[in-house]
Amino acid sequence: MMEMAELDKKHGLFTPTPGQTEQEYLSSYYAKLGWFLSRSQYKIKLPEDVGSAMQYRGFPKMTKTKENVQKLYQEVLKQYLT
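Overview of the structure. It should be emphasised that the depicted structure is a prediction, and the values quoted were computed from it without experimental measurement.

What follows is about helix α4 (residues 65-81). Counted at 1.5 Å a residue, the expected span for α4 with its 17 residues is 24 Å, but the 20 Å between its end C-alpha atoms falls short. At glutamate 75, α4 shows its maximal bend, which comes to roughly 50°.

Here we take up the pattern of salt bridges. Across all of its chains, the model carries 2 salt bridges by this definition. With a closest N to O distance of 2.8 Å, aspartate 8 and lysine 64 form a salt bridge. Within this pair, whereas aspartate 8 is found in the loop between α1 (2-6) and β1 (13-14), its partner lysine 64 is found in the loop between α3 (46-53) and α4, the two being separated by 56 residues in sequence. With relative accessibility at 41%, the residue aspartate 8 sits in the partly exposed group.

Taken together, the side chains of Leu72, Tyr73, Val76, Leu77, Tyr80 and Leu81 define a hydrophobic patch exposed on the protein surface, amounting to about 580 Å² of accessible area. Inspection of the secondary structure puts valine 76 in helix α4.

With 12 residues, helix α2 (residues 21-32) extends 16 Å from end C-alpha to end C-alpha; this agrees with the ideal 16 Å at 1.5 Å per step. Just beyond α2, the residue with positive phi is glycine 34, at close to 80°.

Turning next to the packing of aromatic side chains. Overall, the coordinates contain 8 aromatic pairs when judged by the stated rule. These aromatic residues form a ring-pair network of at least three members: Phe14, Tyr25, Tyr29, Tyr30, Trp35, Phe36 and Phe59.

With that settled, consider the nonpolar core. Counting residues in hydrophobic clusters, the biggest one holds 7 residues: Met4, Ala5, Phe14, Tyr30, Trp35, Phe36 and Phe59. With residues up to four places along the chain from it excluded, the contact list for phenylalanine 36 reads Met4, Lys9, Lys10, His11, Gly12, Phe14, Tyr30, Ala31, Tyr56, Gly58 and Phe59.

Another aspect to go through is the environment of glutamine 79. Its location among the elements puts glutamine 79 in helix α4. Taking relative accessible area as the criterion, glutamine 79 reaches 57% and is therefore assigned exposed. Residues glutamine 79 and proline 16 lie 63 residues apart in sequence; the distance between their C-alpha atoms is 42 Å.

Right, let's talk about the side chain of lysine 64 for a bit. Among the residues examined, lysine 64 registers a relative accessible area of 16% and is labelled buried. Polar side-chain contacts of lysine 64 include one of 3.5 Å to the backbone oxygen of glutamate 6. Beyond its immediate stretch of four places on either side in the chain, lysine 64 contacts Ala5, Glu6 and Asp8.

What counts, and where the lines are drawn
Residues numbered from 1 in each chain as written. Predicted model: local features only at pLDDT ≥ 70, side-chain atom pairs only at ≥ 80, totals over all residues. Heavy atoms only, no water. Helix = DSSP H or I, 4+ residues; strand = E, 2+ residues; numbered from the N terminus. Expected span 1.5 Å × (residues − 1). Bend = angle between axes of the 7 residues up to and from the residue. Salt bridge = Lys/Arg side-chain N within 4 Å of Asp/Glu carboxyl O. Buried < 20%, exposed > 50% of the residue type's maximum accessible area, 1.4 Å probe, protein only. Patch = residues over 30% accessible without salt bridge, like charges linked within 9 Å, V, L, I, M, F, W, Y side chains within 5 Å. Areas by Shrake-Rupley, 256 points an atom, 1.4 Å probe, with all protein chains shown as cover. Phe/Tyr/Trp six-rings, centres within 6.5 Å; stacked < 30°, edge-to-face > 60°. Core = buried A, V, L, I, M, F, W, Y, C linked by side-chain atoms within 4.5 Å. Contact = heavy atoms within 4.5 Å. Polar contact = N/O pair within 3.5 Å; in protein donor to acceptor, adjacent residues only side chain to side chain.

Okay, structure coming up:
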């Protein structure tokens, strides 16, 4: 899921692994927010679901990893490393 955010992907069909509670929770949560379609592997109808997934808007704009690492260095680590 975080790769989707890092790559600015706006459409996706999340299919959580049964029994993986974190995947199940996040997939459901992102669907409720209208970011991505979530579908159980037992209820997936690929041709229909792919089309439905295109109606979702993806993650909101967020800071990328490179920028976050630079900010971490400048605001926290620099004083200890120089």
